[in-house]
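# Structural description and commentary
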Amino acid sequence: MLSSLKAEEQSGQLQIVEREDVGDEEDLFETIDKLISQGINAGDVKKLQDAGIYTCNGLMMQTKKHLTGIKGLSEAKVDKICEAAEKIVNFGYITGSTALLRRKSIVRITTGSQALDELLGGGIETLAITEAFGEFRSGKTQLAHTLCVSTQLPTHMRGGNGKVAYIDTEGTFRPDRIVPIAERFGMDPGAVLDNIIYARAYTYEHQYNLLLGLAAKMSEEPFRLLIVDSVIALFRVDFTGRGELAERQQKLAQMLSRLIKIAEEFNVAVYMTNQVVADPGGGVFISDPKKPAGGHVLAHASTIRLMFRKGKGEQRICKVFDAPNLPEAEAVFQITPGGIADAKD
């Protein structure tokens, strides 16, 4: 990986985040202002934007109940807006061949470790939620920091050629960690840091509002990765006891729904970390009776679930816990100052 990177590097540092194929980028989503050409009032389009809806694709992912809740939009107006959006975006049935063609737009972003990339079928996928769960210091946040850099590599170098959004709920983001990782990949650390937008979330409501605010940024600039580290922490703090469990799971489901819509609306990869909880039903015969937090709600929302655990020294092990198209296998990788890398024998 590194030798190919060095070979690619011709004049000092790599040029990052260029729009390689602007035409292809534009085809991924239709901006909301295209509704004006379908006879929708510009004022009504502005109301949609104020509500955090910036693309026709995103509009079609909203319920009519939610849309009529936007101030100034009546049921008749919402019906007219949805009809106009349907003319621009096809949200009906498509053939399996078309679905296969659409999956070709998926970008796989390198993790920095060849063994881990092979385990994941090429890297972290766009149009999907990848969840990594494990104990403290098992490598989840280290992978997040490495992806902050590798996402900005050009696509021909197994990057995503895009920017990164990072929502931090536990205060674990370290911009100084980005510098050696950027240097390892032959990139300018200052430019890499400028292409990461970062927010520290303090409540589950703040976390959700930060997601709503992302649509405006992603509709204007080429983002390719959204990191949420960790997804469950604030829900575990803000909701306590069995009496609040049902409400917690409902709010968690709404936020996870928002994450998958962002992934599909803007063709970005969502990488979220999760905590583990003791599994009292695990039994005495299981060596490490722990399970991912969040229950069935989180389990069903994640496309790919990865279990991280510690190995010898700086080695870490990643196991595919659940994935629609990956075998249940393991990979060993190493944590280095330059981020995630292949383990040394």
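The following refers to the structure shown. (Residues numbered from 1 in each chain as written. Predicted model: local features only at pLDDT ≥ 70, side-chain atom pairs only at ≥ 80, totals over all residues. Heavy atoms only, no water.)

### Structural notes on the overall build of the protein
Assigned secondary structure in the protein consists of 15 helices and 13 strands. Looking at the protein as a whole, 48% of its 345 residues are labelled buried. A separation of at least 24 residues holds for 68% of the contacts in the protein among residues at least 6 apart in sequence. About 16600 Å² of surface is accessible on the protein, with carbon and sulfur atoms providing 51% of the total. (Helix = DSSP H or I, 4+ residues; strand = E, 2+ residues; numbered from the N terminus. Buried < 20%, exposed > 50% of the residue type's maximum accessible area, 1.4 Å probe, protein only. Contact = heavy atoms within 4.5 Å. Areas by Shrake-Rupley, 256 points an atom, 1.4 Å probe, with all protein chains shown as cover.)

### Some remarks on unusual backbone geometry
Of note, the amide linkage connecting Asp-229 to Ser-230 takes the cis form, showing an omega dihedral of -5 degrees. Along the chain, the position of Ser-230 falls in the loop between strand 6 (223–229) and helix 13 (233–238). Here the phi dihedral of Arg-158 falls at roughly 65 degrees; this positive angle occurs in a residue that is not glycine. Inspection of the secondary structure assignment puts Arg-158 in the loop between helix 9 (140–150) and strand 4 (163–168). A positive phi is found at Asn-161, a non-glycine position, where the angle reads about 50 degrees. Note that Asn-161 resides in the loop between helix 9 and strand 4. By relative accessible area, which is 6% here, Asn-161 ends up buried.

### Concerning the nonpolar core
In this structure, Leu-116, Cys-148, Val-149, Ile-196, Ile-227 and Tyr-271 are the most contacted members of the largest nonpolar core, which totals 39 residues. Considering each element in turn, this core owes the most residues, five residues, to helix 9. Other than its neighbours up to four places away in sequence, Val-149 contacts Ile-178, Ile-181, Ala-182, Phe-185, Met-187 and Val-192. Ranked by size, the runner-up nonpolar core spans 30 residues in total, among them Leu-214, Ala-215, Met-218 and Ala-293. (Core = buried A, V, L, I, M, F, W, Y, C linked by side-chain atoms within 4.5 Å.)

### Re the environment of Asp-322
Position of Asp-322 among the secondary structure elements: in strand 11 (residues 315–322). Excluding anything up to four places from it in sequence, Asp-322 contacts Thr-303, Ile-304 and Arg-305.

### Topic: the packing of helix 12 (residues 204–220) against helix 14 (residues 245–266)
Remark: helix 12 packs on helix 14, axes separated minimally by 11 Å, with the N-to-C direction vectors making an angle of 15 degrees. On the basis of their axis angle, the class for helix 12 and helix 14 is roughly parallel. The crossing of helix 12 and helix 14 is left-handed. Contacts between helix 12 and helix 14 pair Tyr-204, Gln-207, Tyr-208, Leu-211, Leu-212, Leu-214, Ala-215, Met-218 and Ser-219 from the former with Lys-251, Gln-254, Met-255, Arg-258, Leu-259, Ile-262 and Phe-266 from the latter. Its residues assigned to classes, the contact of helix 12 with helix 14 comprises 11 nonpolar, three polar and two charged. (Axes fitted to C-alpha atoms, helices over the stretch in contact; angles between N-to-C directions. Parallel < 35°, antiparallel > 145°, perpendicular 65-115°, else oblique. Left-handed = near helix turned anticlockwise from the far one by under 90°. Nonpolar A, V, L, I, M, F, W, Y, C, P; charged D, E, K, R; others polar.)

### Some words on the packing of helix 9 against helix 10 (residues 175–184)
For the pair helix 9 and helix 10, the least separation of the axes is 9 Å and the interaxial angle reads 55 degrees. Between helix 9 and helix 10, the crossing angle belongs to the class labelled oblique. By crossing handedness, the relation of helix 9 to helix 10 is classed as right-handed. The residues of helix 10 that touch helix 9, namely those facing Gln-142, His-145, Thr-146, Cys-148 and Val-149, are Arg-177, Ile-178, Ile-181 and Ala-182. Tallied by class, residues from the contact of helix 9 with helix 10 come to five nonpolar, three polar and one charged.

### What to know about the packing of aromatic side chains
A full pass over the atoms with the stated rule returns eight aromatic pairs. For the pair Phe-235 and Phe-239, a centre-to-centre distance of 6.4 Å together with 10 degrees between the ring planes defines the contact as stacked. Each of the two residues, Phe-235 as well as Phe-239, counts as buried. Plain terms: the ring middles of Phe-308 and Phe-333 are 5.6 Å apart, the flat faces sit at 65 degrees to each other, and that makes the pair edge-to-face. Note that Phe-308 is positioned in strand 10 (residues 304–310) and Phe-333 in strand 12 (residues 330–336), a separation of 25 residues in sequence. For the pair formed by Phe-308 and Phe-333, the shared burial category is buried. A network of ring pairs unites the aromatic residues Tyr-166, Phe-173 and Tyr-198 as a single cluster. (Phe/Tyr/Trp six-rings, centres within 6.5 Å; stacked < 30°, edge-to-face > 60°.)

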